[in-house]
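Listed below are the residues making up each chain.
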Amino acid sequence: MAAAEPGRITLLTDFGFADGYAAAMRGVIAQRAPGVMVDDAGHGIEPGDIAGAAAALARYWLEYPAGTVHIVVVDPGVGGSRRGLLVRAAGRAAVGPDNGVLTPLLESPGPVGVIEIRNAALFRHPVSATFHGRDVFAPVAAFIAQGGLDDDVGPAVFDPVRLPLPELVATPAGFRGVVTGSDRFGNLATNVPARLALGAAEVRVGGRSVGRVRETYSAAAPGELLALIGSGGFLEIAVRDGSAAARLAAGRGVVVEGTAGPATMKAGR
Amino acid sequence: MAAAEPGRITLLTDFGFADGYAAAMRGVIAQRAPGVMVDDAGHGIEPGDIAGAAAALARYWLEYPAGTVHIVVVDPGVGGSRRGLLVRAAGRAAVGPDNGVLTPLLESPGPVGVIEIRNAALFRHPVSATFHGRDVFAPVAAFIAQGGLDDDVGPAVFDPVRLPLPELVATPAGFRGVVTGSDRFGNLATNVPARLALGAAEVRVGGRSVGRVRETYSAAAPGELLALIGSGGFLEIAVRDGSAAARLAAGRGVVVEGTAGPATMKAGR
Amino acid sequence: MAAAEPGRITLLTDFGFADGYAAAMRGVIAQRAPGVMVDDAGHGIEPGDIAGAAAALARYWLEYPAGTVHIVVVDPGVGGSRRGLLVRAAGRAAVGPDNGVLTPLLESPGPVGVIEIRNAALFRHPVSATFHGRDVFAPVAAFIAQGGLDDDVGPAVFDPVRLPLPELVATPAGFRGVVTGSDRFGNLATNVPARLALGAAEVRVGGRSVGRVRETYSAAAPGELLALIGSGGFLEIAVRDGSAAARLAAGRGVVVEGTAGPATMKAGR
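Residues numbered from 1 in each chain as written. Chains lettered and ligands numbered in written order. Predicted model: local features only at pLDDT ≥ 70, side-chain atom pairs only at ≥ 80, totals over all residues. Heavy atoms only, no water.

With that settled, consider the interface of chain A and chain B. Contact with chain A, which involves 35 residues of that partner, is made by 34 residues of chain B. Interface area, chain A with chain B, both sides summed: about 2700 Å², of which 54% is carbon and sulfur. At the surface where chain A touches chain B, the tally comes to 13 residue pairs in polar contact (both at pLDDT 80 or more). Here the side of chain A that touches chain B gets eight residues from one element, more than from any other, and that element is helix H1 (residues 21-32) of chain A. Of the residues belonging to the side of chain A that touches chain B, the class tally is 18 nonpolar, 10 polar and seven charged. (Contact = heavy atoms within 4.5 Å. Buried area = accessible area lost by both parts, 1.4 Å probe. Polar contact = N/O pair within 3.5 Å; in protein donor to acceptor, adjacent residues only side chain to side chain. Helix = DSSP H or I, 4+ residues; strand = E, 2+ residues; numbered from the N terminus. Nonpolar A, V, L, I, M, F, W, Y, C, P; charged D, E, K, R; others polar.)

Spelled out as structure tokens, the structure:
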């Protein structure tokens, strides 16, 4: 049942860096899967910010090689009736609570397998009511990273919780999408794909024009607002050497619109 | 003197993530023990917060496999007369300053060995007066993780500094303990073990009733205060989807009391 | 072209811990150099703080063994005309933007090699205009850590960007230097080497006397300002159990002066 070579596990949580919770998870993995490499994907998610964790996961899960197991623990419903999930997509796996945090894998094109984590024989005991990261998700990830079989984890699930897809409307006259979040730099991510954004003669955020999509930050003056294509291939709003989130006092849910026009610029790549 | 297989080291400090101090420690370990796996247990301890570091260490030191060496550097007395220690307990080891930060191992049931770090031949030279993490603790941990002998580190110590145990009184009528700290979520940890807490008909924090111990966060309404058993097996005070520390403006040292009554609930596990 | 044994890579960025950017870089490295160990050197650099990143890098780059590749991504000019560099010094390598962040290696005594990163065949494609950490620097570091040749990266560079050396004046009557930065503890680093500082009868920061250089923090009373020699061998200004940066409201660029006098104290080491 064990794979020929040990795998790799990543950890994303809202546990912070002062309480030892993430280390407890790493310790459990070290006990059960000593040869597996464990990467911290970040423990700075705002407490309970499920959408923020999903957005972060979307940025890295496919960058890792096939066989990687991504643990995501942002779990305000821990100990209650929410299920724990193992999701398989594109050769990678993820484990975490069934609260939407694993949406990037669930929405992945291609076959997606979803398993409910049920087999208590895999868990660390006693299983606490407040820390399934240590007692459930870390042990199951260790099992899977070493080649454990889905059938030994639990039954298939057909209705996993997905985060609602933010609304995106595209017409010949333009597009209307939303800001999906902001990062540490204050860049505003959106759900508008490059192919739509690049056709706009003007982009507006919260009603304010930021002009056309530009190729790079340096195409704007220092302190100037601009639109460009972010590293995930979607429209982003930024301030060169500054924070668009602060400048516009804008965040998740703010409307981003574009007016179609001749596409004279190409995405910066 | 070297063990057959390389070990594992964890690092807990108050160095933060912007100054390169923890990386300097990892570099020294990489030089001296190239095959040893090094895990960051967290560098976000508040500067000088010895009790906070000990509470974090308590959460993970036993989760790691036997043979692991835990480094803890929260060391406001660095360069002065405080000793450096190597502590052995339950098959694990820890190194750090003799200021109470290693209390979880010192209070461990079973045999505990304590050594003063004295052998300067093991150190990185020159030894600075301000950074024993790099110059003393990292090199000694690398030595121990590779099977180095205690006798080569220094002499036995019989009076290591322990953090005072917070007072806990249990009577047939109930218990009286204290809040020992709060975590990133604002959960208040206490020194009241589950067996006492579960017998209480009512729990009070700083004079305010939070009712009986409940099984999970979800047994409370969103925003409601509740008492439950935390992942370490002790009473915790929480706010569902919120911060008990903020709500009660309470922290370390606040009194937690329980009135005995029929134990009709079981710990959530 | 591959080296006999896999190498080691460190990562220093201003990406924080909530957005998944650093994990994307680690994923790319895991894909391309599966056996290489990757250490987080810290992702808490203030956004765009090139001098802060260079100061952190200076603290650890030489602590790591020869063969280590240090990635530094603090890159406000990403996507524009700034070059990407590979620097070789003292048996280590570093990759990052040509904006001064690699100054510690560039100023290293001994031979220094500087290469412009040009060979797009090494990159992750498509190369985004906003995230060269993932698309350029991580792949090149993976290549170099596995024994890749400089000639396959790009041409030599003879005018890399260096941070200006802060002014230091030494005379028989004393010295005049500057604060180069502060760390998480509020310690003020300076550019005054121990040999100069130890000769001073009096040290002044921003015009305020802090007395002679002392050996350790504990030579001062709690809360007292003091001068001592930091772990890098330069004068530091500190407050015992407190923050000199807060106390003096001082930071980068503030003048530090010393009046020569009989050197009656030695550096604490």
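So much for the structure itself; the text now carries on.
Looking now at the packing of helix H1 (residues 21-32) of chain C against helix H4 (residues 132-145) of chain C. All names here are of chain C. Running from N to C, H1 and H4 point in directions that differ by 40°, and their axes come no closer than 9 Å. In terms of their interaxial angle, H1 and H4 are classed as oblique. Read as a crossing pair, H1 and H4 show a hand that is right-handed. Contacts between H1 and H4 involve Ala24, Met25, Val28, Ile29 and Arg32 on the former and, on the latter, Gly133, Arg134, Ala138, Pro139 and Ala142. Residue classes in the contact of H1 with H4 are distributed as seven nonpolar, one polar and two charged. (Axes fitted to C-alpha atoms, helices over the stretch in contact; angles between N-to-C directions. Parallel < 35°, antiparallel > 145°, perpendicular 65-115°, else oblique. Left-handed = near helix turned anticlockwise from the far one by under 90°.)

Residues and elements named next belong to chain B. Of the consecutive residues His125 and Pro126, the connecting peptide bond is found in the cis state with omega at 0°. Of note, Pro126 is situated in the loop between strand E6 (112-116) and helix H4 (132-145). Backbone geometry at Ala90 places phi at a positive 50°, although glycine is not the residue there. Residue placement: Ala90 occurs in the loop between strand E4 (84-89) and strand E5 (92-97).

Glancing now at the interface of chain C and chain A. Taken together, the 35 residues of chain C in the interface contact 34 residues of chain A. Buried surface at the junction of chain C and chain A, both sides included, amounts to about 2700 Å², of which 54% is carbon and sulfur. Linking chain C to chain A there are two salt bridges. Linking Glu63(A) and Arg124(C) is a salt bridge whose minimum nitrogen-to-oxygen distance equals 2.7 Å. Linking chain C to chain A there are 13 residue pairs in polar contact (both at pLDDT 80 or more). With eight residues, the top contributor of residues to the side of chain C that touches chain A is H1(C). In terms of residue class, the side of chain C that touches chain A is built from 18 nonpolar, 10 polar and seven charged. (Salt bridge = Lys/Arg side-chain N within 4 Å of Asp/Glu carboxyl O.)

For any pair of aromatic rings, geometry is given as the distance between the ring centres together with the angle between the planes. The final tally for this structure, using the stated rule, is 18 aromatic pairs over all chains. Summarising the aromatic geometry, the rings of Phe15(A) and Phe185(B) are spaced 6.3 Å apart at their centres and angled 75° between planes, so their arrangement reads as edge-to-face. Of this pair, Phe15(A) sits in the loop between strand E1 (8-13) and H1 while Phe185(B) sits in the loop between strand E8 (174-182) and strand E9 (188-193), on two different chains. Classification of Phe15(A) as buried rests on a relative accessible area of 8%. Of the residues examined, Phe185(B) reaches a relative accessible area of 21% and is grouped as partly exposed. Where Phe15(B) meets Phe131(B), the ring centres are 5.6 Å apart and the plane angle is 90°; that geometry is what we call edge-to-face. Here Phe15(B), found in the loop between strand E1 (8-13) and helix H1 (21-32), pairs with Phe131(B), found in the loop between E6 and H4; they are 116 residues apart in sequence, far enough to count as distant. Here the aromatic cluster, defined as three or more aromatic residues joined through ring pairs, consists of Phe15(A), Tyr21(A), Phe131(A) and Phe185(B). (Phe/Tyr/Trp six-rings, centres within 6.5 Å; stacked < 30°, edge-to-face > 60°. Buried < 20%, exposed > 50% of the residue type's maximum accessible area, 1.4 Å probe, protein only.)

Note that all results are geometric; they support no functional claim without further evidence.
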